[in-house]
Amino acid sequence: MSEWPEGWAVDSDYYNRRIRKLGSVLAVPIELNPGEHLRDATLRGISINGHAYTKVAVELTKARSFRSLSALTSIAASQEIDSLVDVLGIRRDSEDLKRMLSQPQTGSRIYVSFFGQTIRRSYFTRRRRVSPLALRINEYQRAIWAVRWISFDTETMEALLDHCPVCTRPLGWAISFGVSRCEHCKADLRDFPQSKVNTQDEEALKFFTDTVNPVVSEPEFAQKWPTIYPASTRGEIFEFIVRLAMECQRFQKGQRGAITSVENEHLESAGRAVLNWPAGFTDLMDGLQNDQSDALRNLCKDAQLTRATRLRLQDFLRVRDRRSAIFSPSGHRSGLNTDDLQRFHASELGATPISEPRSEFGCRPEVVIQLARTIKSIRQRAQTLGLSVTDVIDLHLDGFLDDLAPDLQSLGIVPRCPSRKVDLARLLAGIKARSHGGTRLSTARFTFDQTLSARFSDIVKAILAEEIVVSLGPASTRGFMYDIFVENLESLCAVVGRSARNLGLESVSLTVLDVAMFMGKSRGVATMGIKSLHMSNRLTVSSFSEARNSSVFSFELECLQRLHGQSGERVHDKLVSAGVPHIKGQGITVWSRNEALDCLALKKLN
């Protein structure tokens, strides 16, 4: 909780409150331990005060939401929780108590708050479970031992004990002779250490338990496990891993009906799939047989997962299906031949065939771009930024737009450098407002990059480093980059000139929208430009670049004039009077490049 009731931030009234409630609280106060729930603390406090029955604390609390200690799972009844805290003598300013009482408003017949994480009530065991080795280290009941799907202690990796090895009766919450004692025969449970669990992927299992481990704070979890997940909160991640592990176990073991326990090996597999999302989930599905793999699609309809999680999973499976169709061995569905398929599989193994030009996409870039254009999140981001899909992918490769990783990495597109962890839209939104002058960034970039091979990420980095001075014009409907104006064209020209050119996009087809984004013009103008260049058939980066070798648009010439400090007579009037060959379309004119440059005394760009 960010705000606490009066008297909770600093419990200055602690001793006065104890005196006022004398006779209705336990005589010997206790302190809460890290990762200890109020239910666990009550078990310990009752024993310390010489009582045997835990109902003493329940009666002193006058609780109505729980009539026995075993039923105490929710902290939503704040007045009763306050009363129990006072009965046990716990200070209200205790940091461990504040962590335990995080998100107290989460409470219903289905969900409870567990140290700030939303967990299903049904995910807690009725029996008490202990780790003899952990009790030897520190004698108190850990709250995480009550989570049904975790069958071991997270510190010692010892299997949990839920019955007395001497009398074989189940451990419960009604009677307490101390957390280390059996309430039936008083046997010391610490004398019966259990075997440690066998793990094949301890890191994945640790990740799973950390999602609900009370001693792992939110900042600690984010720092320890910095990655992208199909769920938003730690509680949702926990739920997703459990449901995924259940499906794996159900179909690998042929189980039917409800799953009452999940084996650690399936939790490890599910944990690894989520930890390495989305590639980990792809690996998990690829390792299953077809019918088992299809069974995981049931999770998209699993009502126990949040709607947002189900939608993310649906989006991932949709992308995977498209990817599988494109790389289908049958060839007729995707238009690829056997060599294409072999190149793709080679790239998945980290190898690049000698006969194929090296590309950051591993296989044919055309295939990857074709697939990326079918993904809604990528298309929307391209339209929002006012960039082509290839520019969006380039930004991701350079560590930007890491929120697109689930979709792009499922296509085999992995950044070549670590995430820059910056909100690109927020940073660019802070650019100073345009007063007058300047040239539209998209138009200038198109002019200086005749082969469309310069990386837009290099331009963005130069803008963020203030090497290129820009200003922000009025907001439009054509995307963020369309609204940015360059004030020092020389710097932009220099950045474009030295930009790395090894994406290997020459054979990638261009859409009308791509051309419009590149030119900084409307789709109608882009369409007329394409027709003027006689390129209405298959338009690629290479063919478009070749056409521009002999042709130039009027807006390019105007941009080059500004670069060289020329002004005065209009480009169109001067070129027409000089008889320069041209093709005039609606809203755009294409000129013979060499003759136009000579007429205007403009230098060719390298």
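Below, the structure is looked at part by part. (Residues numbered from 1 in each chain as written. Predicted model: local features only at pLDDT ≥ 70, side-chain atom pairs only at ≥ 80, totals over all residues. Heavy atoms only, no water.)

One open sheet holds the three strands; their spatial order is E3-E5-E4, and the pairing between them is antiparallel. Only two strands of the sheet have a single partner each, and these edge strands are strand E3 (439-440) and strand E4 (470-472). Where E4 meets strand E5 (residues 484-486), three bridges bridge the pair, whose relative direction is antiparallel. In the sheet register, Leu472 faces E5, and the bridge partner there is Ile484. (Pairing = 2+ DSSP bridges. Helix = DSSP H or I, 4+ residues; strand = E, 2+ residues; numbered from the N terminus.)

Next up on the list: helix H26 (residues 554-563). Of all 10 residues that make up H26, eight are buried, and the element is covered over most of its length. When H26 is considered as a whole, its buried residues turn out to be Ser554, Phe555, Glu556, Leu557, Cys559, Leu560, Gln561 and Leu563. Positive backbone phi, at 75°, marks Gly565, one or two positions downstream of H26. (Buried < 20%, exposed > 50% of the residue type's maximum accessible area, 1.4 Å probe, protein only.)

Turning next to the packing of aromatic side chains. In this structure the tally under the stated criterion is 13 aromatic pairs. Both rings, one in Phe446 and one in Phe553, keep their centres 6.2 Å apart while their planes meet at 45°; by these two values the pair is tilted. Taken together, the positions of Phe446 in helix H20 (residues 441-448) and Phe553 in strand E6 (residues 551-553) put the pair 107 residues apart, joining distant regions of the chain. For the pair shown, Phe446 and Phe553 are each scored as buried. Across the ring face of Tyr140, the terminal group of Arg142 is positioned such that the distance to the ring centre comes to 4.2 Å. A cation sits over an aromatic face here: Lys521 above Phe555, 4.7 Å from the ring centre. (Phe/Tyr/Trp six-rings, centres within 6.5 Å; stacked < 30°, edge-to-face > 60°. Lys NZ or Arg CZ within 6 Å of the ring centre and 35° of its normal.)

Such coordinate-based values are descriptive only and should not be taken to indicate function.
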